[in-house]
Amino acid sequence: MKISRRKFVKGATTGASFLLGRVSTVGKTDPSSPSLAELKTSRPNIVFILADDLGWGDLSCYGRPDYSTPNIDLLASQGTRFTDAYSASAVCTPTRCGFITGRYPTRLRIGLEEPLTNNYSVGLDPGHPTIASLLKQGGYDTALIGKWHLGFRPEFGPNAHGFDEFFGILSGASDYFLHKTGLGQPDLYENLTPVQRNGYLTELLTERAASYIGKRRTSPFYLSLHYTAPHWPWQGPKGGESVTFDDKANVPLTMGRGGSLKLYAEMMRSLDDGVGLVMKAIKRAGLDRNTLVIFTSDNGGERFSYHWPFSGRKGDLLEGGIRVPAILRWPGVVPANRVTRQMAISMDWTATILAVAQTDAASGYPLDGIDLLPVVKGQSVASDRTFFWRINVKDAVREGRWKYYRNGPTRSLFDLSVDEREQADFSTKYPDIMERLSSEFDKWNKQMLPRPSN
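Residues numbered from 1 in each chain as written. Predicted model: local features only at pLDDT ≥ 70, side-chain atom pairs only at ≥ 80, totals over all residues. Heavy atoms only, no water.

Caption draft 1: Seen up close, the overall build of the protein. On a plain count of helices and strands, the protein comes out with 11 helices and 19 strands. The burial tally for the protein puts 59% of its 454 residues in the buried class. Long-range pairs, those at least 24 residues apart, make up 69% of the contacts in the protein with a sequence separation of at least 6. Per element, the accessible surface of the protein, about 18,200 Å² overall, is 51% carbon and sulfur. (Helix = DSSP H or I, 4+ residues; strand = E, 2+ residues; numbered from the N terminus. Buried < 20%, exposed > 50% of the residue type's maximum accessible area, 1.4 Å probe, protein only. Contact = heavy atoms within 4.5 Å. Areas by Shrake-Rupley, 256 points an atom, 1.4 Å probe, with all protein chains shown as cover.)

Caption draft 2: Geometry of the nonpolar core. Ranked by size, the top nonpolar core spans 51 residues in total, and within it Ile49, Leu59, Ile145, Leu223, Leu225, Tyr227 and Phe295 carry the most contacts. The set of elements that each furnish at least two residues to this core consists of strand E1 (45–51), helix H3 (70–77), strand E3 (141–147), strand E4 (165–169), helix H6 (201–213), strand E7 (221–226), helix H7 (261–284) and strand E12 (291–297). Per-element accounting of this core gives the leading share, 11 residues, to H7. Apart from the residues within four sequence positions on either side, tyrosine 227 is in contact with Ile49, Leu50, Ala51, Asp52, Thr202, Leu205, Thr206, Leu271, Gly274, Val275 and Val278. Judged by nonpolar contacts, the second largest core, of 47 residues, contains Leu50, Leu150, Leu170 and Ile353. (Core = buried A, V, L, I, M, F, W, Y, C linked by side-chain atoms within 4.5 Å.)

Caption draft 3: Region of interest: helix H11 (residues 431–445). For H11, built from 15 residues, the straight-helix expectation of 21 Å at 1.5 Å per residue is met to within 8% by its first-to-last C-alpha distance of 21 Å. Contacts made by the buried residues of H11 are with strand E16 (386–391), strand E17 (394–399), strand E18 (402–407) and strand E19 (410–415). (Expected span 1.5 Å × (residues − 1).)

Caption draft 4: The arrangement of the pattern of salt bridges in detail. Applying the stated rule across the entire model yields 31 salt bridges. The partner of arginine 217 in a salt bridge is aspartate 141, with the nearest N and O atoms 3.3 Å apart. Here arginine 217 is found in the loop between H6 and E7, whereas its partner aspartate 141 is found in strand E3, with 76 residues between them in sequence. What makes arginine 217 partly exposed here is its relative accessible area of 25%. In this structure aspartate 141 comes out as partly exposed when scored by relative accessible area, which is 25%. For the salt bridge of glutamate 435 with arginine 411, the shortest nitrogen-to-oxygen distance reads 2.7 Å. Pair noted here: glutamate 435 is in helix H11 and arginine 411 is in strand E19, with a separation of 24 residues, a long-range link. For glutamate 435, a relative accessible area of 42% translates into the label partly exposed. Using a relative accessible area of 30% as the deciding quantity, one classes arginine 411 as partly exposed. (Salt bridge = Lys/Arg side-chain N within 4 Å of Asp/Glu carboxyl O.)

Caption draft 5: Representation of the packing of H6 against H7. Relative to each other, H6 and H7 sit at 10°, their axes nearing to 9 Å. With respect to H7, the element H6 is oriented roughly parallel. Across the interface between the two elements, Thr202, Glu203, Thr206, Ala209, Ala210 and Ile213 of H6 pack against Ser270, Leu271, Gly274, Leu277, Val278, Ala281 and Ile282 of H7. Counted by class, the contact of H6 with H7 contains eight nonpolar, four polar and one charged residues. (Axes fitted to C-alpha atoms, helices over the stretch in contact; angles between N-to-C directions. Parallel < 35°, antiparallel > 145°, perpendicular 65-115°, else oblique. Nonpolar A, V, L, I, M, F, W, Y, C, P; charged D, E, K, R; others polar.)

Caption draft 6: Representation of the packing of H3 against H7 in the model. Between H3 and H7, the shortest axis-to-axis distance is 7 Å and the interhelical angle comes to 50°. The orientation of H3 with respect to H7, classified from their angle, is oblique. On H7, the residues touching Pro70, Asn71, Ile72 and Leu75 of H3 are Asp272, Asp273, Val275, Gly276 and Met279. Partitioned by chemical class, the residues of the contact of H3 with H7 number five nonpolar, two polar and two charged.

Caption draft 7: Broad picture of helix H4 (residues 92–101). Counting buried residues along H4, 10 of its 10 residues qualify, which places the element largely inside the surrounding structure. All of the buried residues along H4 are Cys92, Thr93, Pro94, Thr95, Arg96, Cys97, Gly98, Phe99, Ile100 and Thr101. Turning to H4, the residues buried within the fold contact E1, helix H5 (131–137), E3, E7 and helix H9 (346–357). Of the residues one or two after H4, glycine 102 is the one with positive phi, at around 75°.

Caption draft 8: Just the packing of aromatic side chains, in detail. Enumeration over the complete set of coordinates arrives at 23 aromatic pairs. A centroid spacing of 3.9 Å and a plane angle of 10° characterise the contact between phenylalanine 48 and phenylalanine 99, whose relative ring orientation is stacked. Taken together, the residues span a long stretch of sequence, with phenylalanine 48 in strand E1 and phenylalanine 99 in helix H4 at a distance of 51 residues. Residue class for phenylalanine 99 comes out buried when judged on its relative accessible area of 3%. Both rings, one in tyrosine 176 and one in tyrosine 200, keep their centres 5.2 Å apart while their planes meet at 20°; by these two values the pair is stacked. You can see tyrosine 176 sitting in the loop between E4 and strand E5 (189–190) and its partner tyrosine 200 sitting in the loop between strand E6 (193–194) and H6, a full 24 residues away along the chain. With respect to class, tyrosine 176 is no different from tyrosine 200; both count as buried. (Phe/Tyr/Trp six-rings, centres within 6.5 Å; stacked < 30°, edge-to-face > 60°.)

From the geometry alone we can't say anything about function, so treat these as descriptive.
Below, the structure is given as structure tokens:
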């Protein structure tokens, strides 16, 4: 069902509303307000880099012991690194929905897909405001390079949601060389047009991103660079396993089979090289000090990821499935070589980006995240927050040190301040906390769409 922005905002839950500071629009006479021309030159460019299935410890600056990621480590040393950042979900599609809309994914039909597979009837409604549509209304050039995974039909695609340009894949995974899905279907697009390109997908996305950054323009830009790495298929730049059919079993290869730590390391090095080239493109364009760069992941990693000290992985609501790396870099604004324990979640990046962009179009839009820059810049102190997750038969709540976790009929309470591995159940020792968090989840859950019936 298509909804207008006015109808959406009017009917949305107001409890999570985050009203951004208003700026002037064309024709406004307040002499203290910036003109549109002034905003175009003063507002930062924004590069949002989203890795795919990157586990919390898969960067050497987060503890990976068997390979290094020097370019992303440099990014962290030049900015602020988060230790307690979370994805909106434990799988791809819901988290991408959460970031693109700035709202809990379970508020939207597409956010109930865990993840979206070959269902062509479901996608992100084209009438729903997104980070790209709001920035575009605010005068930003917008582009998505990489993975979409929020709908296959044109009305569900990136160009229908505020992105001026799109180059990448629509599905959840694609062969890095053949650029086909596990069903053998071509999956590389230039806007709405299927295209063929030779090359390793990570490198193709990097090249396109660097080219986009280097364009001459009169407006600030927003680039969402959604790498497919290090998501399966397990293919490094020199080769590996194909995403196409396993001829012997007559089924597509899956992430639960094959691969190796060596291949995974090669994929990660290519991702790290790509981030390094993107950062060089920003510097070469003279935009280094006027570009906010955010790097994070869409969920926990798979079986080759390094999650220590957490348990769980992609698909779990244990820490290994939802705690992710996150880095902010903006020279002169974001402190360098800092680490923060401020809790953060995918929707916060949406709110932060819209706040720094000063786009009037976002005023009144109800976000489920907050602008993190005041904490990062030291203007306010880090504080405890409450986050909620729901997937399949699993629920979770994090409130400060406490973590409520339900898996089917089994409920647990963990104290993350002493047990980050979530091995000790404190529910019998602190039954009041257990019941309070369970009740808080129920209140939140009533505001969401019902769970899918299957």
